[in-house]
Amino acid sequence: QVQLVESGGGSVQAGGSLKLSCTGSGLTFDDYTMGWFREAPGKEREGVSCTNWSGNSTRYADSVKGRFTISKDNAKNTLYLQMNSLEPGDTAMYYCAAAFGRPPLCDYAYRYDRWGQGTQVTVSS
């Protein structure tokens, strides 16, 4: 059975940091593009960051560039999102997702059909 499980969310004041983790089972991370998405109440889901199968190609939403860093450990089937200088606008449910395939560049439009259940991030001013 394919399963992705996020962890590491919580409540933090603006300027603080959190590190999210996503651990997979039933799939091999080096066969997938991986991404982090977030959804806030009343807003559409948006791509936050993604990485290709090897981790050597990454991209970030404009709103998080310079503050967030995505990484992965294929041997551990684990994806990470280091979030620094958090802002109230970062408050959302964060999801990791996987899209089968090994294109050289990641993109949020890929067919992400495997999702975790999310971890809540709340940033207060």
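Residues numbered from 1 in each chain as written. Predicted model: local features only at pLDDT ≥ 70, side-chain atom pairs only at ≥ 80, totals over all residues. Heavy atoms only, no water.

1. Section: the packing of aromatic side chains
Alright, step 1. Tallied over the entire structure, the rule returns five aromatic pairs.
Alright, step 2. With 5.0 Å between their ring centres and 75° between their planes, phenylalanine 37 and tyrosine 112 make a pair best called edge-to-face. Taken together, the residues phenylalanine 37 in strand β4 (residues 32-39) and tyrosine 112 in the loop between β9 (92-100) and β10 (114-115) connect sequence positions 75 residues apart. For the pair shown, phenylalanine 37 and tyrosine 112 are each scored as buried.
Alright, step 3. Seen from their ring centres, tyrosine 95 and tryptophan 115 are 6.5 Å apart, and the 75° between their planes marks the pair as edge-to-face. Of this pair, tyrosine 95 sits in strand β9 while tryptophan 115 sits in strand β10, placing them 20 residues apart in sequence.
Alright, step 4. Here tyrosine 95 falls in the buried class, since its relative accessible area comes to 19%.
Alright, step 5. Members of the aromatic cluster, each reached through a chain of ring pairs, are Phe37, Tyr95, Tyr108, Tyr112 and Trp115.
Alright, step 6. Cation over ring: lysine 19 sits above tyrosine 80, and NZ or CZ is 4.8 Å from the ring centre.
Alright, step 7. The aromatic ring of tryptophan 53 is capped on one face by arginine 102, whose charged end is 3.8 Å from the ring centroid. (Phe/Tyr/Trp six-rings, centres within 6.5 Å; stacked < 30°, edge-to-face > 60°. Helix = DSSP H or I, 4+ residues; strand = E, 2+ residues; numbered from the N terminus. Buried < 20%, exposed > 50% of the residue type's maximum accessible area, 1.4 Å probe, protein only. Lys NZ or Arg CZ within 6 Å of the ring centre and 35° of its normal.)

2. Some remarks on the side chain of serine 57
Alright, step 1. If you trace the backbone, serine 57 turns up in the loop between β5 (46-51) and β6 (58-60).
Alright, step 2. The residues contacting serine 57, other than those within four sequence positions of it, are Cys50, Thr51, Asn52, Pro104, Leu105 and Cys106. (Contact = heavy atoms within 4.5 Å.)

3. Focus: the pattern of salt bridges
Any two side chains of opposite charge can pair, on the condition that their charged atoms come close.
Alright, step 1. Enumeration according to the criterion identifies eight salt bridges in this entry.
Alright, step 2. Between arginine 67 and aspartate 90 there is a salt bridge, with the nearest N and O atoms lying 2.8 Å from each other. On the criterion of sequence distance, the pair formed by arginine 67 in the loop between β6 and β7 (68-73) and aspartate 90 in the loop between β8 (78-83) and β9 is long-range, its members being 23 residues apart.
Alright, step 3. Arginine 67 sits in the buried class, given a relative accessible area of 11%.
Alright, step 4. Three or more residues are tied together by salt bridges with common partners; here these are Arg38, Glu46, Arg67, Glu87 and Asp90. (Salt bridge = Lys/Arg side-chain N within 4 Å of Asp/Glu carboxyl O.)

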